[in-house]
Amino acid sequence: MPMGRILAVSDIHGYSFLLERLLHFAGYNSAEDHLYLLGDYVNKGPDSKGTLQLVERLCREGAIALQGNNERKWLLEMPVDAVSGSVEAARCRSMIACLPLWAKHGRYLFVHAGLRPGVGLKEQSAEDLTNIREEFHQSPAMKGITVVFGHTSTFRFGTSPDCVWQGEGKLGIDTGAGHGRYLSLIDLTGNWQWLISVTDPTEMRKQRLPCPFFV
């Protein structure tokens with residue numbers, strides 16, 4: 001496995017062009033870096049279809065993309081104006097259905113929403129992995145593991161909307177793109193956050209993550 005940074009982004013919500021800018025800003029190298037996409041590529045933003053296409057391309061280049069709760073909504077019922085025709089809709093569903101619900105890299109466990117406390121990883125339900133909130137946020141840390149997740153925008157924890165949220169063995173990285181706030185790309189190796197404003201894409205910057213944020 002090539003050496004490189006461990007990068008993560010969550011809750012893109014149709015803002016594919018913002019993700020592309022962040023990846024360029026961060027100097028993303030698909031041959032060296034390990035990129036984890038934590039779900040919710042669709043709905044709320046301007047280009048769900050294009051974001052899925054970007055995710056698909058990034059995965060072909062080596063990234064790992066997870067399902068979010070909004071992708072699971074598309075598996076049940078796709079918005080009528082999301083894609084053009086039944087063939088394309090079936091292709092989108094097939095792509096989404098193949099996405100895993102969690103991924104692990106060293107001490108980091110990546111998931112869209114969180115984990116049900118007291119339940120083994122392989123026994124977790126798709127509903128919990130993509131929708132759980134408070135029970136996970138308030139649960140004790142998993143020994144030796146930091147869970148990196150999205151789903152709950154960090155401003156809901158009382159943080160500044162441009163900041164990640166740090167809990168006990170947990171790192172929340174959804175900085176609210178779906179709510180008109182920020183999209184963030186996190187470098188877990190170098191402890192950096194690249195972020196871009198949804199309302200003003202010229203506002204793009206790099207800032208330090210809280211450190212240490214692992215157990």
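What counts, and where the lines are drawn
- Residues numbered from 1 in each chain as written.
- Predicted model: local features only at pLDDT ≥ 70, side-chain atom pairs only at ≥ 80, totals over all residues.
- Heavy atoms only, no water.
- Salt bridge = Lys/Arg side-chain N within 4 Å of Asp/Glu carboxyl O.
- Helix = DSSP H or I, 4+ residues; strand = E, 2+ residues; numbered from the N terminus.
- Buried < 20%, exposed > 50% of the residue type's maximum accessible area, 1.4 Å probe, protein only.
- Phe/Tyr/Trp six-rings, centres within 6.5 Å; stacked < 30°, edge-to-face > 60°.
- Lys NZ or Arg CZ within 6 Å of the ring centre and 35° of its normal.
- Axes fitted to C-alpha atoms, helices over the stretch in contact; angles between N-to-C directions.
- Contact = heavy atoms within 4.5 Å.
- Nonpolar A, V, L, I, M, F, W, Y, C, P; charged D, E, K, R; others polar.
- Core = buried A, V, L, I, M, F, W, Y, C linked by side-chain atoms within 4.5 Å.

Attention now goes to the pattern of salt bridges. Throughout the structure, instances matching the rule amount to nine salt bridges. The closest approach of N and O atoms between E56 and R91, which form a salt bridge, is 3.1 Å. One end of the pair, E56, is in helix 2 (residues 48-60); the other, R91, is in helix 4 (residues 86-97), and 35 residues separate them in sequence. Overall, the relative accessible area of 48% leaves R91 in the partly exposed class. For D128, the salt bridge is made with R116, and the minimal N-O distance between the two is 2.8 Å. With D128 in helix 5 (residues 126-131) and R116 in the loop between strand 5 (108-111) and helix 5, this residue pair connects regions lying twelve residues apart in the sequence.

With that settled, consider the packing of aromatic side chains. For the structure on display, the rule yields six aromatic pairs. Measuring from ring centre to ring centre gives 6.0 Å for F149 and W165, while their planes differ by 75 degrees; the resulting arrangement is edge-to-face. One end of the pair, F149, is in strand 6 (residues 146-149); the other, W165, is in strand 7 (residues 165-167), and 16 residues separate them in sequence. Taking the relative accessible area as the measure of exposure, F149 reaches 0% and is therefore buried. In this structure an aromatic cluster arises from ring pairing among F136, F149, F157 and W165. The aromatic ring of F136 is capped on one face by K170, whose charged end is 5.5 Å from the ring centroid.

A separate point is the packing of helix 1 (residues 16-25) against helix 2. Packed helix pairs are characterised by how far apart their axes lie and by the angle those axes make with each other. Direction vectors running N to C along helix 1 and helix 2 enclose 35 degrees, while the axes themselves pass 8 Å from each other. Contacts between helix 1 and helix 2 involve S16, L19, E20 and L23 from the first element and G50, T51, L54, R57 and L58 from the second. When its residues are assigned to classes, the contact of helix 1 with helix 2 shows four nonpolar, three polar and two charged.

Residues L19, L35, L37, Y41, L58, L183 and L185 are the most contacted members of the largest nonpolar core, which totals 35 residues. Sorting the residues of this core by element identifies strand 1 (6-9), helix 1, strand 2 (34-37), helix 2, helix 4, strand 9 (182-187) and strand 10 (192-197) as the ones contributing at least two each. Excluding residues within four positions of it along the chain, L19 makes contact with V9, I12, L37, L54, L58 and L183. Counting 15 residues, the second largest nonpolar core, distinct from the first, contains I6, F110, V148 and V164.

So far we have only geometry, and geometry alone does not tell us how the molecule works.
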